[in-house]
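Structural overview
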Amino acid sequence: MDHLSSTDLDLTTARPFGISRWTHQRYPRVVLRLGDGAHEGLGEAAPNAYYGETRETVHAVLPTLLAGLPEDPFDLDALFATLERTLPHHHRSAKAAVESAALDIAARRAGVSVRRLLGAPEPAAPTSYTVGLGAPEEVAAQCGAAVEAGFRVLKVKLGGDHDERLLSAAREAAPDAQLRVDANAAWTERRALARLPMLEAHAVELVEQPVAADDLEGLAAVTRASRIPVAADESFVSTRDLRRLVVDVVNVKLAKVGGPRQAYLAMQSARALGFGVMLGCMIESSLGITAAAQVAGLADFLDLDGALLLASDPFVGATWSDGKVPVLPGGPGLGVRSAEPSA
Ligand SMILES: [Mg+2]
């Protein structure tokens, strides 16, 4: 396999998107193209400074990662071992791009989807639609619009100053929706425990990352006290973390674990150890989202709305059923193509 190109991609969300740590509207990404002479494979890196990556670190590390590409695209274990050995536990979004592109080529050569190459089932769970932090009336308007658009599951970001008002506004605007909340590590253990009755009163289905990423004792205490399942996102960055976590659900993302195959392994490992599994995403184009959707059939909870929040999406890939379950493209590989007709 050869490196064809790595190009910058600037994604813009339709509106500024806020979580407890920040609000952004522009997201720098990298699109990787690999080739084997007959097929082209695509991968998207969605670096996140919170996990130690930027677009610059992705460009800096790609030559090292690509130096270990096997000649034979079906030599998958050699490829994965090389990615694991190179700068271990770091540069996961860059590795995710390499893994995606290499799997795309191997699957295209085999004439099957990446999902079938990995042996994953078809996606069955609906995705949530994420509503960022904002004023209660904006949150209510977005929740109402999402329900109108056919979403049954909403994920409301909390961790600001008006959590209770935001949640009541969301619940009022979407009385029948499955409602999940994500505090993005903003609460103390004490505050999280104090919030539980309010979350229960609004029939919240899942509470994500209530406390700081490194507060594993706090996370365990909230999990034990909560009747609502608790999910780890910032506290879960790789399969190694499963040994230390006391929590109901872990949120697996390609950019955290290093690609579709790593996500497949992380989800199987988590399930074997008794965790529920969420498959999440960053703000990504349909390229990254479709790579994740290939293993979405292994998840109990899906949050793959990254491309749905964009002002415009440069790729076409997975689509969505009426109930917002991902529908994989029919073609082999990832099945992703550029949104513009290619020359
Ligand atoms: Mg989260």
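Structure first, text after, so check above.
The notes below deal with the structure included here. Note that the structure is predicted; figures quoted are calculated from it, not measured. (Residues numbered from 1 in each chain as written. Predicted model: local features only at pLDDT ≥ 70, side-chain atom pairs only at ≥ 80, totals over all residues. Heavy atoms only, no water.)

**Considering the pairing of strand β9 (residues 249-252)**
What counts, and what does not: Partly exposed describes any residue whose relative accessible area lies between the buried limit of under 20% and the exposed limit of over 50%, with all areas from a 1.4 Å probe on protein chains only and scaled to the type maximum. The helix count covers DSSP runs of H or I at least four residues long, the strand count covers runs of E at least two residues long, and both are numbered beginning at the N terminus. One bridge is not enough; two strands pair if DSSP finds at least two bridges between them.
Covered by surrounding structure in β9 are V249 and N251 together with V250 and V252, the residues of both alternating faces. When strand β8 (residues 230-232) meets β9, the two strands line up parallel, connected through two bridges. If you follow A232 over to β9, its bridge partner there is V250. Here β9 pairs with strand β10 (residues 276-279) via four bridges, running parallel. The partner of N251 across the bridge, within β10, is M278.

**Let's talk about unusual backbone geometry**
At A203, a position not held by glycine, the phi torsion is positive, near 55°. Structurally, A203 can be placed in the loop between α7 (189-201) and β7 (204-208). When its relative accessible area of 49% is taken as the criterion, A203 is described as partly exposed. Positive phi outside glycine occurs at K324, with the angle close to 65°. As for its placement among the helices and strands, K324 is situated in the loop between β13 (319-320) and β14 (326-327). Residue K324 is classed as buried on the basis of its relative accessible area of 16%.

**Observations regarding the pattern of salt bridges**
The condition that has to hold: Each salt bridge in this description consists of a side-chain nitrogen of Lys or Arg and a carboxyl oxygen of Asp or Glu lying within 4 Å of one another.
All told, the structure shown has 21 salt bridges when counted by the stated rule. With a shortest N-O distance of 3.0 Å, R261 and D77 are connected by a salt bridge. Pair noted here: R261 is in helix α10 (residues 260-272) and D77 is in helix α2 (residues 76-85), with a separation of 184 residues, a long-range link. Where salt bridges share partners, they join K155, K157, D182, E208 and D303 into one cluster.

**Things to note about the coordination of the magnesium ion**
Keep this limit in mind: Any N, O or S atom lying within 2.8 Å of the metal counts as a donor, with the limit raised to 3.2 Å for Na, K and Ca; because water is left out of the atom set, some sites can appear incomplete.
Distances from the magnesium ion to its protein donors, D182 (OD), E208 (OE) and D233 (OD), fall at 2.1 to 2.3 Å. Mapping the donors of the magnesium ion onto the primary sequence gives the spacing D-x25-E-x24-D. Of this pair, E208 sits in strand β7 while D233 is found in the loop between β8 and β9, placing the two residues 25 residues apart along the sequence. The same class applies to E208 and to D233, which are both buried.

**A closer look at α10**
As a reminder of what qualifies: How far a helix is expected to stretch is found by multiplying one less than its residue total by 1.5 Å.
The end-to-end C-alpha distance of α10, which contains 13 residues, comes to 18 Å, matching closely the 18 Å that a straight helix rising 1.5 Å per residue would cover. Three or more residues of α10 are buried, namely P260, Q262, A263, Y264, A266, M267 and A270. Downstream of α10 by a residue or two, G274 has a phi angle that is positive, lying close to 95°.

**Points about a negative patch on the surface**
Keep this limit in mind: Patches draw on residues past 30% relative accessible area with no salt bridge. Two like charges within 9 Å are joined, as are two nonpolar side chains (Val, Leu, Ile, Met, Phe, Trp, Tyr) within 5 Å. We get accessible surface area from the Shrake-Rupley algorithm with a probe of 1.4 Å; when it comes to residues, only the shown protein chains can shield them. A residue counts as positive if it is Lys or Arg and as negative if it is Asp or Glu; His and the chain ends are not included. Throughout, a charge is located at the NZ atom of Lys, the CZ atom of Arg, the CG atom of Asp or the CD atom of Glu.
Together, D2, E71, D72 and D75 make up a negatively charged patch on the protein surface. You can see E71 is positioned in the loop between α1 (55-67) and α2.

**Some details on the packing of aromatic side chains**
Defined as follows: Between rings of Phe, Tyr and Trp, where Trp is taken as its six-membered ring, a pair exists when centres lie within 6.5 Å; planes separated by under 30 degrees are stacked, by over 60 edge-to-face, and by other angles tilted. By definition here, charges over rings are those cases where NZ of Lys or CZ of Arg is within 6 Å of the ring centre and within 35 degrees of the ring normal.
What the rule picks out here adds up to three aromatic pairs. Summarising the aromatic geometry, the rings of Y50 and Y51 are spaced 5.0 Å apart at their centres and angled 90° between planes, so their arrangement reads as edge-to-face. What makes Y51 partly exposed here is its relative accessible area of 24%. Note on Y129 and F151: the rings are 4.8 Å apart at their centroids and 45° apart in plane angle, and the pair reads as tilted. With Y129 in strand β4 (residues 128-131) and F151 in the loop between α5 (136-148) and β5 (153-157), the pair connects residues that are 22 residues apart, well separated along the chain. Given a relative accessible area of 8%, F151 falls into the buried group. Sitting over the ring of F151, K324 keeps its end group 4.9 Å from the ring centre.

**Remarks on α5**
Spelled out, the test is: Throughout, the arc means that of the directions going from the helix axis to the C-beta atoms. Throughout, a contact is declared for two residues whenever any of their heavy atoms are within 4.5 Å.
Compared with the 18 Å implied by 1.5 Å per residue over 13 residues, the 18 Å span of α5 between its first and last C-alpha is a close match. Burial in α5 covers these residues: P136, V139, Q142, C143 and A146. Along the axis of α5, the buried positions cluster into a sector of 130°, meaning they face one direction only. In α5, the exposed positions that point more than 90 degrees away from the buried face belong to E137 and E148. Considering only its buried residues, α5 is in contact with β1 (2-18), β4, β5 and α6 (163-173).

**Let's talk about the pairing of β10**
The alternating pattern of β10 places G276 and M278 on one face and V277 and L279 on the opposite face, and all of these are buried. Bridge count between β10 and strand β11 (residues 301-302): two bridges; the pairing is parallel. Looking at β11, one finds that M278 is bridged to F301.

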